[in-house]
Amino acid sequence: MILGVNLGFIAAKVLRALLTVWLVLTFVFVVLRLSGDPATQLLPDDVDQATVDYYSKEWGLDRPLWEQYASYFEAAAEGSFGISFADRRPALEVIAERIPATLQLGLLSFAFAIVVGIPLGVVAALRHNTVFDRLAMSFAVLGYAMPYFFMGVLLILLFSLQLRWLPSSGSSTWWHLIMPVLTLGTTPAAMFARFTRSSVLEVLNKPFIRTARAKGALPWREIVFHALPNAAIPVVTVLGLRFGELIGGAVVTETVFAWPGMGRLLVGAVANRDLAVVQGIVVLIAISMVTVNLVIDLTYGWLDPRIRSARAEGAT
Amino acid sequence: MTAQLERLRQESARPRRFALRFPTFGLWRFPPVVAAAAIFLGLMVIAAVFADLIAPFSYEEQNLLGRLQPPFWLGGSGGYLFGADELGRDVFSRTLYAIRTSMAVALLGTIIGALFGTFLGFLAARFRGWVDDLVMLLVDWQAAMPFLVIALAVLAFFGNNLVLFIALMGIYGWEKYARVARGLVLSAQEQGYALAIRSLGAGGGRLYVKHILPNVLSPLIVLLTLNIPDTILMETTLSFLGFGIQPPRTSLGLMLGLGRDYLLNAWWIAVVPGTVIFLTTLSISLLGDWLIKEVPQMPAHESTQLPGESRESIGP
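Sequence order sets the numbering: in each chain, residues are counted from 1 along the sequence as written. To label them, take the chains in the order written and letter them from A, then take the ligands in the order written and number them from 1. The predicted origin of the model limits local features to residues at a pLDDT of at least 70 and limits the giving and counting of side-chain atom pairs to 80 or more, whereas totals for whole chains, interfaces and linings rest on all residues.

**Q** Is there a simple way to explain the overall build of chain B in this structure?
**A** Counting from the N terminus, the helices are DSSP H or I runs at least four residues long and the strands are E runs at least two residues long. Helix and strand counts for chain B stand at twelve helices and zero strands. Helices and strands appear in chain B in the N-to-C order α-α-α-α-α-α-α-α-α-α-α-α. Taken over 316 residues, chain B has a buried fraction of 43%. Working definition of a contact: two residues with C-beta atoms, positioned from the backbone, lying within 7 Å. Residue pairs at least 24 apart in sequence account for 69% of intrachain contacts in chain B once pairs closer than 6 positions are excluded. Buried means a residue has 20 or more other C-beta atoms within 10 Å of its own C-beta, exposed means 12 or fewer, and partly exposed covers the counts in between; C-beta atoms are placed from the backbone.

**Q** What exactly am I supposed to notice about the overall build of chain A here?
**A** What chain A contains, in helices and strands, is 14 helices and zero strands. In chain A, the order of α-helices and β-strands from amino to carboxyl end is α-α-α-α-α-α-α-α-α-α-α-α-α-α. Across the 316 residues of chain A, 38% fall into the buried class.

**Q** Can you walk me through the interface of chain A and chain B in this structure?
**A** With 53 residues of chain A in contact, the opposing surface of chain B contributes 42 residues. Elements supplying a minimum of two residues to the side of chain A that touches chain B: helix H1 (7-34), helix H6 (131-145), helix H7 (148-162), helix H8 (175-204), helix H10 (219-241), helix H11 (243-256), helix H12 (262-272) and helix H13 (275-303) of chain A. Here the side of chain A that touches chain B takes eight residues from H13(A), the largest share from any one element.

**Q** Looking at this structure, I do not really get helix H11 (residues 252-259) of chain B. What am I missing?
**A** Side chains of residues three or four places apart in an α-helix project in the same direction, reflecting 3.6 residues per turn. With seven of eight residues buried, H11(B) lies mostly within the body of the structure. Of all the residues in H11(B), the buried ones are Leu252(B), Gly253(B), Leu254(B), Met255(B), Leu256(B), Gly257(B) and Gly259(B). On its buried side, H11(B) packs onto H7 of chain A together with helix H4 (91-127), helix H10 (204-240) and helix H12 (268-294) of chain B.

**Q** Where do I start with the environment of Ala156(B) in this structure?
**A** Tracing the backbone through its elements, the reader meets Ala156(B) in helix H6 (residues 147-158). Assessed through the 26 C-beta atoms surrounding it within 10 Å, Ala156(B) is described here as buried.

**Q** How do you make sense of H7(A) when you look at a structure like this?
**A** Taking 1.5 Å of rise per residue, 15 residues should cover 21 Å, and H7(A) covers 20 Å from first to last C-alpha, within 8% of that figure. The sharpest bend along H7(A) measures roughly 25 degrees and falls at Ile156(A). Buried residues of H7(A): Tyr148(A), Phe149(A), Phe150(A), Met151(A), Gly152(A), Val153(A), Leu154(A), Leu155(A) and Ile156(A), and no others. Elements in contact with the buried residues of H7(A): H8 and H11 of chain A together with H10, H11 and H12 of chain B. Arg164(A) lies just past H7(A) and shows a positive phi near 55 degrees. Helix span, expected: 1.5 Å multiplied by one less than the number of residues in the helix. The quantity called bend is, for any residue, the angle between two axes fitted respectively to the seven residues ending at it and the seven beginning at it.

**Q** How do you make sense of unusual backbone geometry when you look at a structure like this?
**A** A negative phi angle is the norm for most residues apart from glycine, just as the trans form is the norm for most peptide bonds. The phi dihedral of Asn129(A) falls on the positive side, at around 65 degrees, and the residue is not glycine. Mapped onto the elements of the fold, Asn129(A) is located in the loop between helix H5 (91-126) and H6.

**Q** Got a minute to help me understand the nonpolar core in this structure?
**A** One recurring pattern in soluble globular proteins: nonpolar side chains tend to sit buried together. By definition, a nonpolar core groups buried Ala, Val, Leu, Ile, Met, Phe, Trp, Tyr and Cys residues that are joined through C-beta atoms within 7 Å. Within the largest apolar cluster, 131 residues are counted, with the highest numbers of intra-cluster contacts made by Val278(A), Val282(A), Leu152(B) and Ala153(B). The element that contributes the greatest number of residues to this core is H8(A), accounting for twelve residues. Setting aside chain neighbours within four positions, we find Ala153(B) in contact with Val28(A), Val31(A), Val278(A) and Val282(A).

**Q** What should I look at first to understand the packing of H1(A) against H6(B) in this one?
**A** Any two packed helices are characterised by how steeply their axes cross, that is the angle between the axes, and by the distance between the axes. The convention used is that axes are lines fitted to C-alpha atoms, helices contributing only their stretch in contact, and that angles between N-to-C directions extend from 0 to 180 degrees. Two elements in contact, H1(A) and H6(B), have axes whose closest approach is 8 Å; the angle formed by their N-to-C orientations is 25 degrees. By the angle class used here, H1(A) and H6(B) are roughly parallel. Every pair of crossing elements has a handedness; the one defined by H1(A) and H6(B) is right-handed. Two secondary-structure elements touch here, H1(A) through Val28(A), Val31(A) and Leu32(A) and H6(B) through Ala153(B), Val154(B) and Phe157(B). Split into classes, the residues belonging to the contact of H1(A) with H6(B) amount to six nonpolar, no polar and no charged. Should an angle fall under 35 degrees it is taken as roughly parallel, and over 145 as roughly antiparallel, whereas 65 to 115 is taken as roughly perpendicular and any remaining angle as oblique. Crossings are assigned a handedness: left-handed for a near helix turned anticlockwise from the far helix by less than a right angle, right-handed for a clockwise turn. Each residue is assigned to one of three groups, with Ala, Val, Leu, Ile, Met, Phe, Trp, Tyr, Cys and Pro labelled nonpolar, Asp, Glu, Lys and Arg labelled charged, and all others, Gly among them, labelled polar.

Quick look at the structure:
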């Protein structure tokens, strides 16, 4: 126990996270080999056998499977996922260029979802069963059912083609961000609104809120200091569970708006069967998923002292 | 004593409140939104089953003179209800066939996933020990990776074909059934009736298939209903990106994806199938929310309901 953090607990979580990454790496390796000989698949049909042999050697495809597996892990540990066949550069380099654009879009959409979704959920809970509540929940249900790609197409149709207000593709100005952020942010905003509402409603019925009220706490104090911290735990859980969907959404959104991020790169790489880039992106996504879930697991202890003390009593 | 017996008799004579009623009769018993959703889904099923009888044109029939013909309310001619596409094919007829494809793929995928996941969940609960650990490890792993990315990677490696695509749809979501089925069986096998049947000498197979399965079926069916929109969205997303159903076959996502290039001149090519996707997922999720409230056995802490999500009303 250091600073109220249970080290045994963290070690177990980190081990599990590493296990997941290992499973993903193995999965990619197995699938890559099962799918046939990468050398013949990746070269044009009309090349001669000598060229195929040359590339097999260069990519290490002529060595025994276990050796390929070992060198694959060695390479992965160094961050080398092979050479992009389309770009003739290291795959990681090609991917790394796209990370800032994806982060920019992802973080802004996420911020949009929080700024819209959470207050909407809180107010809906406080104004339970009023018109506002119903409107907010209708938005939540509609936003949740709306597929990213259709949302994107509708926005382009309205704002780019009919009104001609916003550019439909590219990323050169801030104006280019508006529609992708709306597209990627609406579904999580709907999700946050829904879960925040039910979470706050549940907390508002708890005895400690009554106590706070009886002690004469002002209404805003009651909400900000008593209700919201307690309502945060389920919202954080949802966030972790649905993070993967957000990544899927980013792939679609980037494709619709020609946003130069990792998602669009992935779609292009799948279309060209640029396997080095595909495996690099899959592994990077696995690592980021595992990291986010790890951070969320650790956040629980910080959000809820009861979980912290339960962990301290457990394995130390 | 007799009064008590009388009351018990009356209670047992009352119809089971939570039996799954399918909305064929007595639509008035449902909230209006749920009834509307059920009617829409009924229409979708009719469209899917009778596509070849309803459709005024074949989905492949081209008419180059009728290219990009607008829908009839915008003055389109040639008898195209929702206009014609870039090759002069009737959008309405194509939508009907696309509904058939998308529904078939989604249903098949969902059922494969449900059977597979339920089977593994039963195995995990029945044998515990390392079987349980292995199943739960796979469940965690599947839940940790965004499925869209896995599907894209597999399609990149193996190339696209219909069997692989349906298999992927089957794998999607299996972990939810496994987790829920495991939880339900774990608690069911501790109950009195399971013990009684075992003491009567029933073997494992008979106990699990004939007694426990019927008892845990209704939450699993609800879960299946809840999962259909997710599968539809996954199918349409992959087809939209161009990696799912391939021409000359048609699916809602594929129509939307191809229609995207004609948004400026012929928005209906993309908007008609998009609207169908949106309304279908919306209807199923409204129906699903309602079912969750009606089926009390629904395991609240398992994956279908997230922490904080109470049984309390969500819909508008």
